[in-house]
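Structural description and commentary
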Amino acid sequence: MAEHQAPIASMTAVVLAEPSLLNLAGFEEALARGWSPDPRRQQDKAYVDAELEGLRKDKAGFLTRFTSGDVVATSVSNREPQRLVLRLFWIWDGEFCGYITLRHLPGTVQLPLHVPGHVGYSIVAWKQRKGYATQALRLLLPIAAKAGFERINVICNEDNLASRRVIETAGGVLHSTGADPSDAPDMIKLSFWLATAGDA
């Protein structure tokens, strides 16, 4: 979930597009080129190949699965597991560039302990160094405001300088550093708050 640290090559405007069968071809092409939609599995060819095979066998089913939240255990002990609310958007400059998500538990702005922040994103390698992740994060803020968020939490690894730059450029303010329940205890995370358009 990162962009390279090299200077931004251009500032082409991007939009957030609702995933649909009409624009799924760009996602399919990205998989065919070896991109992984899971930032933690960028070098996992078997995973990418399996995702591509599943998409080609049942495009509608794949899209439904990819855009729905996983069933997760809540952080409230007396509640049943719930489906994570997941708003997913393609990052689009006329072509598929990656995706960004807003996630939370139904009816709240809370998250399960094992979900790393309200936002996840990934940019395909051939669209990096263009400022797209920062633009997408800024575009997500008014969407989060309409969903009832005054601020959103975005998390990255301490050694992921590219992601830190994306978050800070979008307006993120560091509020904690340390281990996070979403990852191994020896993995140091940086946690940022971003105010939404609701604070403007």
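Details of the structure are given in the entry above.
Residues numbered from 1 in each chain as written. Predicted model: local features only at pLDDT ≥ 70, side-chain atom pairs only at ≥ 80, totals over all residues. Heavy atoms only, no water.

With that settled, consider the overall build of the chain. If you tally the helices and strands in the chain, you get 5 helices and 9 strands. Along the chain, from the amino end to the carboxyl end, the secondary structure elements read β-α-α-α-β-β-β-β-β-α-β-α-β-β. With 200 residues in all, the chain has 43% of them scored as buried. Look at the contacts in the chain between residues 6 or more apart in sequence, and 63% of them connect residues 24 or more apart. On the chain, roughly 10300 Å² of surface is accessible, and the fraction owed to carbon and sulfur atoms is 52%. (Helix = DSSP H or I, 4+ residues; strand = E, 2+ residues; numbered from the N terminus. Buried < 20%, exposed > 50% of the residue type's maximum accessible area, 1.4 Å probe, protein only. Contact = heavy atoms within 4.5 Å. Areas by Shrake-Rupley, 256 points an atom, 1.4 Å probe, with all protein chains shown as cover.)

Bringing the pattern of salt bridges into the picture now. Enumeration according to the criterion identifies 11 salt bridges in this entry. Here R40 and D38 are joined by a salt bridge, their closest N and O atoms 3.0 Å apart. The exposure class of R40 is exposed, given its relative accessible area of 75%. Assessed through its relative accessible area of 12%, D38 is described here as buried. (Salt bridge = Lys/Arg side-chain N within 4 Å of Asp/Glu carboxyl O.)

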